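The chain contents come next:
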Amino acid sequence: MKRAFSFGDKTIDAAVRRVNEVRCIALIGAGTMGQGIALDLLSKTDARLILLDVSDAALERARETLMRWRDGQVRDRRIREEDARVLEARVSFTRDDVALRDADLIWEVASERSEIKASIFQRIERTIDVERIAAVFSNTSSHTTSELAELFTSEAFREKLLTVHGYYPFERNRLIDVMKGKYASNETFAFGTVFADQLLEKSVIALPVDHHGYITDPIFQAMAAIISWDVRNDADIVQLGGLWELLTANPFQVLDLTGHMPYTESSRHFGQSLPAHDRLRGLYQRDGRSYPDWIAALEKKGTTGFASSARTGFFAWGDGPSPGPPRAVLDPACGEYVPIREISRRDFWSYYEAVEIDRRAGKVRSADALVHVARAADAGGRAFRRYALPICLYALDLIDDGVATPGQINLSTRAGLRYKVGLIELIDALIAQLTVDGLIELVRRARDENADDPHIPDILDIDGVAGPRQGRPSLLLKLKDLRIERLLGYGRFYRTPVAEVDVAATLGATPRAEGRPARGHPVYRGFYPELKFVEPSTRDRVAAIVFNNPLRGNVFNRALIDQLAHAWSRVLALHRAGKCGAVLFTAAGSGMRMLGADAREFNRGWFERRRGYVPLPADEAAASSRNAVQLFRMIQRSPVATIGVFGEKWGGGAEFTYFLDQRFDVRAAGFVFDSLERRSDWRGKNTYNQPELDYAILPGFGAAGELKRLGLGDSAIFELFDQGLTADRAHQLGLSNGVFDDELEALRRGFERARTMAKDAPYSRALFKKELTRHTVGTACAACGSVSTDQAVAAADAELASETAETFDPAKNPFIRSGLLTLLDRGGKPPPMDYACGETALPGWQYPAENGMADSPS
């Protein structure tokens, strides 16, 4: 939303203030990554941008890219001409280092080569005042933060350096890494994390300790590197690289789009700098080479992908401004480009069977299909065991070495590498279907299959007896010893990841017998790829739940339903302990948009235009409504106060807010099509939109009933469904409790409203919600004629009198003493209310059984 907010987290207050003070950002390097970062900063911040490069040609290409994007925004009616002029005025292009003196933040994205980075850092030191800047970011795929910090001579600059690394294409990829290292201050690390999270609107992997390439880059590098040494001809690039298409994309195609330089430079650096115990180090140290000769030949010729003058690399590409599909593939045996042949059905039949398994199940690249390939006796199965299993073991090493958590690795591969099945989900699926013993045997089978290879057996070692992991048995053996059967916890509705095992806590907190950890008692903690959960402070007692996938409009997909259910189970546990009285809901991203149910999940399997719509089975369609409404109803009826602060809301996103106690709206503006005048005008946009009837579906999350409950008449409801409501119209109708122009002000006011709501005594609030529900039901009964209106009113009045008596009974309402002392003893200092509910029975409410909304503990 172009500014940051702390959500009551005092530990980031200073970082939030510093982020909001950034007015000018300098990017050093105008290449592919620099251009992507510039596009992102132009759209997500109001800061001035300086693009600095030593090459006039690079600066001109960057200017063309940014102006082409600007023109596209105007053409697509996303911005006005005057907005485009403001965007253009915010960017300057220069070769002069003096321009850096205006920057509050410097981001180096020039090169992976350390000598070039050293030269740039020296220029920074000579040019700018370190006290002025908040931080220096360096984009790197292989260096550690400490390695780069030591290129500065000044300790003050070292304290300001972070490595901050995004993924191609930067402006359309939601993952970003922020790594601290040993020199950066805690203040700088907090600044970088908040900046990446709230201004860049990314999913942040924040690593306090150094690791070469963070989490994602070593995995991606290895996907290509481990195959590259076996490539002999064009078929190998397609067929062996095709293994990864079962998860994401052929890495050689991706490298052609990003350019080969980061890969080759990182391979050289990994070969020199990876620690001796890194399982994958041998991929970059073979006979004095960091990558095979056929890749070196491409580098020497300058045929390094789509951006090269010849538009060739591992593949040959078309001449248009966008890549499109490749038109040919390199045959390293002859150095020529040849037609791309189909993967052999005879040799790689398991690939095709995996696709068919998914088609029959209505799934897309599922874990079940991958396990099928892993066990297969064909070339596809052998490829999986030779190339994918070492990377699975590497992921387990990262956990065992304390570098990353299971959730971070899974998110990195899903978001950064766009795996359809996260790497840890794949490991869990292998364990679920094979058992831990079975997976151990699969690894040993792979080792035996490759016994004659001088390199692969060492990479596949799990016993700690050979190779770089000598003396470090694999985490796989510890999982067996502890009887941990999964590294992630999965949601109750759709079995998507919602939590991660804490290996250290499992080892340290479980009962021990005979000096060994007790088995079968793993400790799990919530981990939400689509949400941010901010714990309540002792002072405010307000938790925040932020829908956090703005690139997709914060859509309500199955994964989000599972994560929200798990997060709400945490809220209820905190409420029962007296630590949380209210929850603020909002959405990340400019405009705080909230879309409805994920349309991609309305189709059975992956939508293909040639096949058309494939209907969902009735039970799946019914479950999509039933599961969401069950969760929303629990949120609505719980004794926790709720408020939503949102901008545009569509479909199920709007429906969700109807279940909350209060709603604050941020006005939206943009081009709106006038169907009568047949033109688009810039004006206020609707913030409540229910377009379901236009698409021949129903509002399956309960809109009709909830809008009636909230007091809207039929005419107003039809108005909402037929044309939508602006924030001001919703406020006029009583649907909205507050309207704001400024997103940050809406959040500030919303949080303050939540803080005051959190002061309600739990017994009284629960009883009040019960009365509201009773009144709604009583009105409905009277309307349908089952009782008269007078009878309904009389029954409600009698029950109200009885419940009022209950509230004055300390045996039932333990909060009455401190509540009335506050009211009566105005001049004294009554003790603060203890909000813990413990075993107190709250009216109309029963806490679900432990873990009632999720499959694994939080």
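Keep in mind it's a predicted model, so treat the numbers as computed, not measured.

Conventions we followed
Residues numbered from 1 in each chain as written. Predicted model: local features only at pLDDT ≥ 70, side-chain atom pairs only at ≥ 80, totals over all residues. Heavy atoms only, no water. Helix = DSSP H or I, 4+ residues; strand = E, 2+ residues; numbered from the N terminus. Rg over C-alpha atoms; globule rule 2.2 N^0.38 Å. Contact = heavy atoms within 4.5 Å. Areas by Shrake-Rupley, 256 points an atom, 1.4 Å probe, with all protein chains shown as cover. Lys, Arg positive; Asp, Glu negative; His and termini not counted. Charge placed at Lys NZ, Arg CZ, Asp CG, Glu CD. Pairing = 2+ DSSP bridges. Axes fitted to C-alpha atoms, helices over the stretch in contact; angles between N-to-C directions. Buried < 20%, exposed > 50% of the residue type's maximum accessible area, 1.4 Å probe, protein only. Salt bridge = Lys/Arg side-chain N within 4 Å of Asp/Glu carboxyl O. Polar contact = N/O pair within 3.5 Å; in protein donor to acceptor, adjacent residues only side chain to side chain. Patch = residues over 30% accessible without salt bridge, like charges linked within 9 Å, V, L, I, M, F, W, Y side chains within 5 Å. Expected span 1.5 Å × (residues − 1). Bend = angle between axes of the 7 residues up to and from the residue. Phe/Tyr/Trp six-rings, centres within 6.5 Å; stacked < 30°, edge-to-face > 60°. Right-handed = clockwise from strand over helix to strand, strands pointing away.

**Student:** Would you explain the overall build of the protein in this entry?
**Tutor:** A tally of helices and strands in the protein yields 31 helices and 26 strands. Here the C-alpha atoms of the protein give a radius of gyration of 29 Å, agreeing with the 29 Å that 2.2 N^0.38 yields for 858 residues. Looking at the protein alone, contacts between residues at least 24 apart form 71% of all its contacts between residues at least 6 apart. Surface accessibility of the protein: about 36600 Å² in total, with carbon and sulfur atoms responsible for 51%. Of the side-chain charges in the protein, 111 are positive and 116 negative, and the distance between the mean point of each set is 1 Å.

**Student:** What is the right way to look at the sheet that holds strand 22 (residues 662-666) in this model?
**Tutor:** Strand pairing in a sheet takes place through backbone hydrogen bonds and is either antiparallel or parallel in direction. Across the sheet, which stays open at both edges, the 6 strands sit in the order 17-18-19-20-22-26 with mixed pairing between neighbours. The open sheet has two free edges, formed respectively by strand 17 (531-534) and strand 26 (738-740), since each of these has just one partner strand. Put simply, the sheet's adjacent strands are angled 15 degrees from each other on average, direction ignored. Inspection of the sheet shows strand 20 (residues 641-646) paired to strand 22 by 4 bridges, in the parallel sense. Looking across to strand 22, one finds that Val645 is bridged to Phe664. In the packing of helix 22 (residues 558-576) onto the sheet, contacts are made with strand 17, strand 18 (542-547), strand 19 (582-587) and strand 20, and the angle to strand 17 comes to roughly 5 degrees.

**Student:** Just to check I follow, could you spell out the side chain of Glu743 for this structure?
**Tutor:** If you trace the backbone, Glu743 turns up in helix 28 (residues 743-757). It turns out Glu743 is buried and unbridged, and the closest side chain with the opposite charge, Arg3, is 6.8 Å from it. A distance of 2.8 Å separates a polar side-chain atom of Glu743 from the backbone nitrogen of Gly591.

**Student:** I keep staring at the environment of Pro536 and nothing clicks. Help me out?
**Tutor:** Topologically, Pro536 is positioned in the loop between strand 17 and strand 18. Judged by its relative accessible area of 15%, Pro536 falls in the buried class. Sequence-wise, Pro536 and Leu148 are 388 residues apart; in three dimensions their C-alpha atoms are separated by 37 Å. Apart from the residues lying within four places of it in its own chain, the contact partners of Pro536 are Arg541, Val542, Ala543, Leu574, Lys579 and Cys580.

**Student:** Looking at this structure, how should I read the side chain of Asn813?
**Tutor:** One can find Asn813 in the loop between helix 30 (789-807) and helix 31 (816-824). Overall, Asn813 belongs to the buried group, its relative accessible area being 2%. Those residues in contact with Asn813 that sit more than four places away from it in its chain are Tyr763, Ser764, Glu806 and Thr807.

**Student:** What is the right way to read a nonpolar patch on the surface from this model?
**Tutor:** Taken together, the side chains of Phe602, Tyr695 and Ile697 define a hydrophobic patch exposed on the protein surface, amounting to about 300 Å² of accessible area. Residue placement: Ile697 occurs in the loop between strand 25 (688-689) and helix 25 (703-709).

**Student:** Would you mind showing me how to read helix 16 (residues 379-400) here?
**Tutor:** Since the α-helix turns once every 3.6 residues, residues separated by three or four places project in the same direction. Taking 1.5 Å per residue, 22 residues should reach 32 Å; helix 16 reaches 31 Å between its end C-alpha atoms and fits that length. At Ala388, helix 16 shows its largest bend, some 35 degrees, and a proline, Pro390, comes one to four positions later. Most of helix 16 sits out of view: 20 of its 22 residues are buried. The residue sitting at the N-terminus of helix 16 and contributing the capping side-chain oxygen is Asp378; that oxygen lies 3.3 Å from the backbone nitrogen of Gly380. Following helix 16 by one or two positions, Gly402 adopts a phi angle in the positive range, close to 75 degrees.

**Student:** Quick question: what am I supposed to make of the packing of aromatic side chains here?
**Tutor:** Both the distance between ring centres and the angle between the ring planes are used here to describe each pair of aromatic rings. Summed over the entire model, instances satisfying the criterion amount to 32 aromatic pairs. Consider the rings of Trp568 and Phe585, whose centres lie 6.1 Å apart with planes at 20 degrees: the pair is stacked. Taken together, the positions of Trp568 in helix 22 and Phe585 in strand 19 put the pair 17 residues apart, joining distant regions of the chain. We note that Trp568, like Phe585, is buried. With centroids separated by 5.5 Å and ring planes inclined at 90 degrees, the aromatic side chains of Phe632 and Phe701 adopt a geometry described as edge-to-face. In this pair, Phe632 sits in helix 23 (residues 618-637) while Phe701 sits in the loop between strand 25 and helix 25, placing the two residues 69 residues apart along the sequence. Accessibility assignment for this pair places Phe632 and Phe701 in one class, buried. Here the aromatic residues Phe547, Phe556, Trp568, Phe585, Phe632, Phe646, Phe656, Phe659 and Phe701 are joined through ring pairs into a cluster of three or more.

**Student:** Looking at this model, I keep getting lost on the environment of Val136. Mind explaining?
**Tutor:** Within the element layout of this structure, Val136 appears in strand 5 (residues 135-138). Residue class for Val136 comes out buried when judged on its relative accessible area of 0%. C-alpha separation for the pair Val136 and Trp317, spaced 181 residues apart in sequence, amounts to 36 Å. Those residues in contact with Val136 that lie beyond four places of it in its chain are Ile106, Ile124, Phe152, Lys160, Leu161 and Leu162.

**Student:** Even after reading the chapter, I still don't get the pairing of strand 8 (residues 203-207), so can you show me in this structure?
**Tutor:** Where a strand is regular, its side chains alternate between the two sheet faces. Burial along strand 8 is one-sided: the face carrying Ser203, Ile205 and Leu207 is buried and the face carrying Val204 and Ala206 is not. Across 5 bridges, strand 7 (residues 175-179) lies against strand 8 in parallel orientation. Bridge pairing in strand 8 links Val178 to Ala206. Considered for its hand, the β-α-β crossover made up of strand 7, helix 8 (residues 186-199) and strand 8 is right-handed.

**Student:** Help me out: how do you make sense of the sheet that holds strand 13 (residues 497-501) in this one?
**Tutor:** Here 3 strands make up an open sheet; going across it, the order is 12-13-16 and the pairing antiparallel. Of all strands in the sheet, those bounded by a partner on one side alone are strand 12 (488-490) and strand 16 (524-526). Along the sheet, successive strands turn relative to each other by an average axial angle of 35 degrees, direction set aside. The sheet contact formed by strand 12 and strand 13 spans 3 bridges and is antiparallel.

**Student:** Before we go on, may I ask you to explain the pairing of strand 10 (residues 328-331) in this structure?
**Tutor:** Pairing between strand 9 (residues 315-316) and strand 10: 2 bridges, direction antiparallel. Looking at the pairing, Ala316 lines up with Ala328 of strand 10. Direction of pairing for strand 10 relative to strand 11 (residues 336-338): antiparallel, over a ladder of 3 bridges. The residue of strand 11 that forms the bridge with Leu330 is Tyr337. If you look at the hairpin formed by strand 10 and strand 11, you'll find 4 residues sitting between the two strands, and Gly335 has a positive phi there, around 80 degrees.

**Student:** Just to check I follow, could you spell out the pattern of salt bridges for this structure?
**Tutor:** Side-chain pairs of opposite charge can arise where the charged atoms are in close proximity. Considering all chains together, one arrives at 67 salt bridges under this definition. Its salt-bridge partner being Arg3, residue Asp742 comes within 2.2 Å of it at the nearest N-O pair. Placement of the pair is Asp742 in the loop between strand 26 and helix 28 and Arg3 in the segment before helix 1 (13-20), with a sequence separation of 739 residues. A residue is classified by how much of its surface remains accessible, and Asp742, at 30% relative accessible area, is partly exposed. On the accessibility criterion, Arg3 (31% relative accessible area) is partly exposed.

**Student:** I tried to follow unusual backbone geometry on my own but got confused; where do I start?
**Tutor:** For residues other than glycine, phi is negative in most cases, and the peptide bonds are mostly trans. The omega torsion across Tyr168 and Pro169 is -15 degrees, close enough to zero to call that bond cis. For Pro169, the position within the fold is in the loop between strand 6 (161-166) and strand 7. Within the chain, Tyr214 stands out as a residue other than glycine whose phi angle is a positive 60 degrees. Structurally, Tyr214 can be placed in the loop between strand 8 and helix 9 (216-228). For Tyr214, a relative accessible area of 0% translates into the label buried.

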